[in-house]
Amino acid sequence: SHPSSDSNRQTRGARQAERVRARSYRSSGARERRGKATVAPRAAEAGEIKNSMGKVGFIGLGIMGKPMASNLLKAGFEVVVYNRTQAKCDELVKLGATAAKTPAEVVGACDTTVCMLADPKACLEVALGENGITSAIEAGKAVVDMSTVDAATSAQIYEAVK
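### So, the overall build of the protein
Right, on to step 1. What the protein contains, in helices and strands, is 7 helices and 7 strands.
Right, on to step 2. Taken from the N to the C terminus, the helices and strands of the protein come in the order α-β-β-α-β-α-β-α-β-α-β-α-β-α.
Right, on to step 3. Per-residue burial for the protein yields a buried fraction of 30% across its 162 residues.
Right, on to step 4. When contacts within the protein are restricted to residue pairs at least 6 apart in sequence, those whose partners lie at least 24 apart make up 57%.
Right, on to step 5. Of the roughly 10200 Å² of accessible surface on the protein, a fraction of 53% belongs to carbon and sulfur atoms.

### Some points on the sheet that holds strand E7 (residues 142–145)
Right, on to step 1. Read across the sheet, 5 strands follow the order E5-E4-E3-E6-E7 without closing on themselves; strand pairing throughout is parallel. This sheet does not close on itself; its edge strands, each paired only once, are strand E5 (98–99) and E7.
Right, on to step 2. Across 2 bridges, the pairing between strand E4 (residues 79–82) and E5 is parallel. Pairing of Val80 across the sheet is with Thr98, part of E5.
Right, on to step 3. Sheet contacts for helix H3 (residues 65–74): strand E3 (56–59) and E4; angle to E3, the most-contacted strand, approximately 160°.

### Digging into the environment of Ala69
Right, on to step 1. Following the sequence through the fold, Ala69 ends up in helix H3.
Right, on to step 2. Judged by its relative accessible area of 0%, Ala69 is buried.
Right, on to step 3. Put simply, Ala69 and Leu92 are 23 residues apart on the chain and 7.7 Å apart in space, counted from C-alpha to C-alpha.
Right, on to step 4. If we skip the residues at most four places from it in the chain, Ala69 touches Phe58, Leu61, Val79, Val81 and Leu92.

### Considerations on helix H6 (residues 120–128)
Right, on to step 1. Among the residues of H6, Ala122, Cys123, Val126 and Ala127 are the ones counted as buried. An end-on view of H6 places all buried positions within 120° of arc, on one side of the element.
Right, on to step 2. For H6, the secondary structure elements touched by its buried residues are E3, helix H5 (103–109), E7 and helix H7 (151–161).
Right, on to step 3. One side-chain oxygen of the residue at the start of H6 lies 3.2 Å from the amide nitrogen of Lys121, identifying that residue as Asp119.

### Here we look at the nonpolar core
Right, on to step 1. Core analysis: the largest hydrophobic core is formed by 18 residues, its most contacted members being Ile59, Val106, Leu117 and Ile133.
Right, on to step 2. Of all the secondary structure elements, the ones that give two or more residues to this core are E4, H5, H6 and H7.
Right, on to step 3. For this core, the element with the most residues is H6, which contributes 4 residues.

### Comments concerning the state of the cysteines
Right, on to step 1. The tally for this structure, following the rule as stated, stands at 0 disulfides.
Right, on to step 2. As a non-bridged cysteine, Cys115 has Cys123 as the owner of its nearest cysteine sulfur, 6.3 Å distant.

### Concerning the packing of H6 against H7
Right, on to step 1. Their axes nearest at 10 Å, the elements H6 and H7 cross at an angle of 0°. As the angle between them shows, H6 and H7 are arranged roughly parallel. Here Pro120, Cys123, Leu124, Ala127 and Leu128 of H6 lie close against H7, whose contacting residues are Thr153, Gln156, Ile157 and Ala160.
Right, on to step 2. Taken together, the residues that form the contact of H6 with H7 break down as 7 nonpolar, 2 polar and no charged.

Procedures and definitions
- As a convention, each chain's residues are numbered from 1 in the sequence order in which they are written.
- Reporting in this predicted model follows two pLDDT cut-offs: at least 70 for local features of residues, and 80 or more for side-chain atom pairs to be given and counted; totals over whole chains, interfaces and linings ignore these cut-offs and use all residues.
- Side-chain metrics rest on all non-hydrogen atoms present in the structure, leaving aside hydrogens and water.
- Strands here are runs of E lasting at least two residues and helices are runs of H or I lasting at least four, both read from the DSSP assignment and numbered beginning at the N terminus.
- Only protein chains enter the accessibility calculation, which uses a 1.4 Å probe. A residue is then buried if its area is under 20% of the maximum for its type, exposed if over 50%, and partly exposed in between.
- Residue contacts follow a heavy-atom distance rule, with two residues in contact if any of their heavy atoms lie within 4.5 Å.
- Values of accessible area rely on a 1.4 Å probe in the Shrake-Rupley scheme; residue burial ignores everything except the protein chains shown.
- When DSSP finds two or more bridges between two strands, those strands count as paired.
- In this description, a line fitted to the C-alpha atoms serves as the axis of each element, helices being fitted only across the stretch in contact, and the angle between N-to-C directions of two axes falls anywhere from 0 to 180 degrees.
- Taking the helix axis as origin, the arc is that swept by the directions to the C-beta atoms.
- Identification of polar contacts relies on pairs of N or O atoms within 3.5 Å, with a donor-acceptor requirement for protein atoms, meaning one able to donate a hydrogen and the other able to accept it, and with residues adjacent in sequence counted only if both atoms are side-chain atoms.
- Grouping buried Ala, Val, Leu, Ile, Met, Phe, Trp, Tyr and Cys residues that are joined through side-chain atoms within 4.5 Å yields what is termed a nonpolar core.
- Throughout, disulfides are identified as pairs of cysteine sulfur atoms within 2.5 Å of each other.
- Under this scheme an angle from 65 to 115 degrees is roughly perpendicular, one under 35 degrees roughly parallel, and one over 145 degrees roughly antiparallel; angles in between are oblique.
- Each residue receives one of three labels: charged for Asp, Glu, Lys and Arg, nonpolar for Ala, Val, Leu, Ile, Met, Phe, Trp, Tyr, Cys and Pro, and polar for the others, Gly being one of them.

Have a look at this one:
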């Protein structure tokens, strides 16, 4: 191959890669400034969200729940946590979370409660069992179930919570 054609190919490849990077940053809410992509400031928006959500509860501190609760704590949210294995709450308590003894205690203390449970059995126990979500839910509170469950289990919990 000819040396100048290799150079042209590399230059075209670099330009194309830069266009792709710029396009991906723009689509994710970032903006370009002097040829470099930077994320637009969102502090005011974060404050508005924090104020509108109040306390946030997390039930289930596994692979997804624990990092999400941790990120909310780092962002300054008040977080109340519960896990069937209480020891999983300890690290989040060190970050500023409050540990609850029951799912009902989480729902009672929080405006929004997020459930991230591993299976239908765990989800039904936490939602419908003794000191479960349904024993403490009341008007004005929100429950977001992000558990790994089938549609029938979700529908059963929805009917009990609504």
